[in-house]
Amino acid sequence: MSTAVKRLANVKTRRETGLDYVISAMNLLTPFGAKQIKEQKPFFPGQEGALEAELDRVGQMVETAEQNHKEIGILQETFMMTKDNTFSIERSGSSVLSVVEIFELKNLLLLMDKIRSLSTRISLPEEFVPEDITELLDVLDPGGDRLNTFYIYDSFSEKLAQLRREKKNMEREIRKGQKALRSEIREKHGLSLTPKFDITISKSDSATIKMIEEISELAKSDEDYMSVTFTLVPDAEVQAHMKELDEITADIEEEELNVRGRLSKEIHKHSKRLLDNCEKIGRLDIILAKALYAKAHNCTKPEIVKEHVLEFEDGRHLQVEEIIKKKGGEYCPVSISLKDGVTCITGANMGGKTISLKLTGMVAILAQYGYFVPCKSARVGLSNFMQILIGDSQSIERGLSSFGSEMEELKEIIDNSKDRSLLLIDEIASGTNPVEGLALTKSIVDYLKGKTYISLITTHFETVTADKDVVNMQVTGLANVDFEKLNREIRYANRRERINIIQKYMDYRLTRVDDAAEIPKDALNIAKMLGISSSIIDKAKEYIV
Amino acid sequence: MYLLDELSEKYKRISIVGMAKNAGKTTALNYLIEEAMDEGITLGITSTGRDGEGTDVVTGTDKPRVFLDTDTIVSVPKQLYEMADAGLEIVKMTDYGSSLGQIMLCRVVDSGYVQVAGPVINAQHVEMCEEMLRLGADLVLIDGAIDRKSIAAPGTSDAIILSTGAVLSRKMSKVVEETAHTVNLYRLPNLEDGRERDLLTEENIEQISLIRDGQLVTLDRSTGLGAGKFLDSKIDDKVTHVFVPGAFTHSIVADINPKKLRNITFVLKDPTKIFIGTMMWNQFRKRGLNIKVLENINVAAITVNPTSPGGYAFDHEELVKAMQEAIPDIPVIDVRM
């Protein structure tokens, strides 16, 4: 059996935990960085050292960016100008590059040179500093102007310069010869030719046409209904010059090709260094983007530990936080502490259980991909496998019922889980009848309890948490709320405001509940606040009894 | 006479626009380039699309190539660079794309023939012309890709040079008449600054609108096609202006009561929106048609090509003379002499 590439999380998990969101929100500026980020790999158990090193790089970059504001700005501008010319670099070994390609590479070299001097100035670690390419730059810029323009300049080849001078002389000779002929014709026949050495005569002037037809130095070159154009016939000397000019032009073209060939070879000689530099620039781009993102979003370096745990204090789901900030609200951070075994999140509707589940995934996956995490502090032990089981619109698009797709994913999870897995399960079996749903949930919990997995499950089934081996985390919810005040406020609110008011009063924090306390029943309360008529609510209360 | 010297003092960007295909637009461009060489003016040369190819892609007729002197700034797409016979120093790789690759700005180091192409998007065009002027061009000449007067839309240049020629008609009088008509349309007066202009330019209005009693009234019609009667019913004593954002055709004017017509002013975005022939136009003017535009077009010069690719030609001098008589205040140049 071939060893398949080890996969930490599937596409859905990367999306639902918000890893994709963070990556797309990062500001990558070079084509090299953009390419590398698509190929980035997570760190697995056993690679804690390498992950630490990566996180240290990010941390160092955060400091560097703080201290060298101006230089980082210039560096970013320079990044934005880079284009991916690796194809030309690779091609230089087997083919002659075109002038445009050499121009683009010269530009890239100038940018590398600039990035090199900038990164040396702000003392970046050696691994990010592009190597010196002055030697090749000198070849492509023999004048040493360091301007980002390019042409096969005379200075590339003495022979080329010589040929071009000859061409100029020859053109001058030809023009001189033609001009002499022109003035001769003017003197002899009283005809004045245009600067292009031709003359157009109206057909009505047949006498002149007849006269010109007699002149051997002029030949008919064009004719229409109304006029005839005659052009000067070059004499033998001029013709010889023209022939020579053609030869010189051919020689010039050949020499230009030689020069391009030589330059291509030189580029090829340095190709490894150039490609390495592109790689380095890409890595620098990513690290800088990670650092600036962490800084802008108040992320901290997670502590990476050997044992399989996942703990964080005051975590914020970045995507949700952005939405709340846009609305002018304040995010209520959540803390959690998980280890192998099953933990349930229970609590009020609208209490943020699903967001807390996603947040847990976000912290874990960001840490494992070498990113800072949106928490005050975090301790993370690496996992071999991560998956989130959560309803999404895609299963409906595929024509599966929510229960059907849930079971499909559950099977995938159970088949793929291995030692040190992180499983995040959102309200499983809530879409079927409560008798079987509860039974199924309990048996899943029983199955997961004994494994070396961190399993986090949100549920409304309270008997699940009665199991003494299951840790119960409860959303504080509306437990400490002054309902009178809340009701007063909500009475005159419209629909959208009601939701906002409930969110304002809601306490999203999780508390560990050790005794098998009753799950707070806020569903009817919330339904009432959202405007469901009291006759329905009251009837429902009767049914509970 | 120093035509270009004069032009470059008045204008920075001049579009060369043909009255029809094969009106001699590229011949005119070449003529102007030669003039510039003689007058020592550094040109920037660009095109609103691919131009300067050996044969015209649309009709298959011969098209003269563009010969450029040293120091000229020219826009060349990546794929045509190698095909240029002139020596071109690449000065800048722009971000503007074209069907033939990114557009590059080059400086001519060794004079020769070049195939010119420029960005297709108007805004990019304006930006690129600025860049050419920064790089040292005294005057930028813009060649249109399709020889249609409709692309003379203002905004991309300060003035145009109108190329006209025998291709328009076998009758010389007709060529002169049509050209004069076009020039007169282009020179229609601009709507003066003031309340009406503010009303019509505040937002991009896409429906036919009226100014009635100093207020803007938007009608539920976007084109004028068949709108004449409808419009007539909406015009009363208090309407002063009628704004037509789209094509302005004879059917709009024909159905409007002549008494009403005399009392209103039609306002168009620019003169290229008018699709009314000379005869009809003159009749309408007699009936009292008033037209103003938001932006008219400066015609800096007219070039004439006495030869048609259809195989006939006019007497050069006669054509120039007749044209100059019809349009006395704009220089007329024969590009073939």
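Residues numbered from 1 in each chain as written. Chains lettered and ligands numbered in written order. Predicted model: local features only at pLDDT ≥ 70, side-chain atom pairs only at ≥ 80, totals over all residues.

**Some thoughts on the overall build of chain B**
We count it as follows: Strands here are runs of E lasting at least two residues and helices are runs of H or I lasting at least four, both read from the DSSP assignment and numbered beginning at the N terminus. Buried residues are those with 20 or more other C-beta atoms within 10 Å of their own C-beta, exposed residues have 12 or fewer, and partly exposed residues lie in between; C-beta atoms are placed from the backbone.
The number of helices and strands found in chain B is eleven helices and 18 strands. Relative to its full complement of 337 residues, chain B shows a buried share of 42%.

**Observations regarding the interface of chain B and chain A**
For the record, the criterion: C-beta atoms are placed from the backbone for every residue, and two residues are taken to be in contact when these atoms lie within 7 Å.
The partner chain A presents 14 residues to the 19 residues of chain B that form the contact. Those elements that provide at least two residues to the side of chain B that touches chain A are α3 (78–81) and β5 (87–93) of chain B.

**What about the domain arrangement of chain A?**
Residue and element names in this part refer to chain A. For the record, the criterion: Domain ranges listed in this record stem from an automatic or a database domain assignment. Charged residues are taken to be Asp, Glu, Lys and Arg, nonpolar residues to be Ala, Val, Leu, Ile, Met, Phe, Trp, Tyr, Cys and Pro, and polar residues to be all remaining types, Gly included.
According to the domain assignment, chain A contains domain 1 (11–133 + 270–293), domain 2 (158–237) and domain 3 (299–544). Across the boundary between the two partners, domain 1 contributes 21 residues, which contact 23 residues of domain 3. Elements that contribute at least two residues to the side of domain 1 that touches domain 3 include exactly α1 (11–16), α2 (19–25) and α4 (48–67). Split into classes, the residues belonging to the side of domain 1 that touches domain 3 amount to ten nonpolar, five polar and six charged.

**A closer look at the environment of V176 of chain B**
All names here are of chain B. If you trace the backbone, V176 turns up in helix α5 (residues 172–186). In this structure the C-alpha to C-alpha distance between V176 and I327, which are 151 residues apart in sequence, comes to 9.0 Å. The residues contacting V176, other than those within four sequence positions of it, are A322, M323 and A326.

**Remarks on the environment of M323 of chain B**
Residue and element names in this part refer to chain B. Structurally, M323 is set in helix α11 (residues 316–326). The exposure class assigned to M323 is buried, which follows from the 24 C-beta atoms found within 10 Å. C-alpha of M323 to C-alpha of S173: the two residues are 150 residues apart in sequence and 9.0 Å apart in space. Those residues in contact with M323 that lie beyond four places of it in its chain are V176, T179, I302, V304 and V332.

**Some words on the sheet that holds β5 of chain B**
Residues and elements named next belong to chain B. What counts, and what does not: Only strands joined by at least two bridges in the DSSP assignment are considered to pair. The convention used is that axes are lines fitted to C-alpha atoms, helices contributing only their stretch in contact, and that angles between N-to-C directions extend from 0 to 180 degrees.
The mixed open sheet is built from nine strands, whose spatial order is β5-β6-β4-β2-β8-β1-β9-β17-β18. Across the chains shown, the open sheet's two edge strands, defined by having one partner strand only, are β5 and β18 (332–334). Each adjacent strand pair in this sheet contributes to an overall mean axis angle of 30 degrees, direction not counted. Looking at chain direction, strand β9 (residues 159–165) and strand β17 (residues 299–305) are connected through six bridges and run parallel.

**Considering the nonpolar core**
If you look at soluble globular proteins, the nonpolar side chains tend to sit buried side by side. Condition: Each nonpolar core comprises buried Ala, Val, Leu, Ile, Met, Phe, Trp, Tyr and Cys residues, the members being joined through C-beta atoms within 7 Å.
V363, L366 and V373 of chain A together with V76 and L141 of chain B are the most contacted members of the largest nonpolar core, which has 195 residues in total. The residues touching L141 of chain B, leaving out its near neighbours within four places in the chain, are I14, I16, L29, L32, L43 and I45 of chain B. Counting residues in hydrophobic clusters, the runner-up holds eight residues, among them L181, L218, V228 and L232 of chain A.

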